[in-house]
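The lines below spell out each chain.
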Amino acid sequence: MKLSRTLLILGSLAAASAQAPSRAVVTNLDTAAWEHEKNDPPGSEGVLLRADPTSGGMDLLVRFPGGHVIAPHFHDSNERIVVVEGELTLRQDSGETRIKSGGYAFLPAREIQRLSCSSQTRCTFYLSWDGKPASHSAK
């Protein structure tokens, strides 16, 4: 009985050690590897958190200085935004909506986005696309 229990425990430990490594992504704002790309607006930074090679979807953290206006555009994929700090304003035909820190927005694919960082402090937000986020100008 002791031998079979010992073999069961050893077998369980072997199976547990053979599991694939975690693909979890954990990032904190203060230690994230923020980067400014050469074509990005002055004062903006971003962090690529995850990219899905199958769907083309991705997750990013971005930040813009207070008062920054993002040029009108649309994406080929649905976009989700969670504001982490500051305040964004979303302008639509029906009016303006403020997205405060902790707020969430779902922006459907191919719908024109008119966003700005309406706070005096910088805006930091999480972005997620469920497919390739190709961006198109919409003036």
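See the structure above.
Values in this document were obtained by computation on a predicted structure and should not be read as measured data. (Residues numbered from 1 in each chain as written. Predicted model: local features only at pLDDT ≥ 70, side-chain atom pairs only at ≥ 80, totals over all residues. Heavy atoms only, no water.)

## A closer look at the sheet that holds strand S4 (residues 79-85)
Taking strand neighbours across the sheet as the criterion, the five strands line up as S1-S2-S9-S4-S7 in an open arrangement whose pairing is antiparallel. Two strands lie at the open edges of the sheet, namely strand S1 (45-51) and strand S7 (104-107), each paired on one side alone. The mean angle between the axes of side-by-side strands here comes to 20 degrees, regardless of whether they run parallel or antiparallel. Note that S4 and strand S9 (residues 123-129) share six bridges and pair antiparallel. Each bridged residue has a counterpart across the sheet, and for Glu-79 the counterpart in S9 is Trp-129. (Pairing = 2+ DSSP bridges. Helix = DSSP H or I, 4+ residues; strand = E, 2+ residues; numbered from the N terminus. Axes fitted to C-alpha atoms, helices over the stretch in contact; angles between N-to-C directions.)

## With respect to the state of the cysteines
Here the structure, examined in full by the defined rule, presents one disulfide. Put simply, Cys-117 and Cys-123 are joined by a disulfide, and their sulfur atoms are 2.0 Å apart. The sign of the S-S torsion, about 90 degrees, decides the handedness of the disulfide formed by Cys-117 and Cys-123: right-handed. The two residues Cys-117 and Cys-123 agree in class, both being buried. (Disulfide = S-S within 2.5 Å. Buried < 20%, exposed > 50% of the residue type's maximum accessible area, 1.4 Å probe, protein only.)

## A few points about the side chain of Thr-124
Its location among the elements puts Thr-124 in strand S9. Relative accessible area serves as the criterion here: at 0%, Thr-124 is assigned to the buried category. Residue contacts for Thr-124: discarding those within four places in its chain leaves Leu-29, Trp-34, Val-62, Arg-63, Val-82, Val-83, Val-84 and Glu-85. (Contact = heavy atoms within 4.5 Å.)

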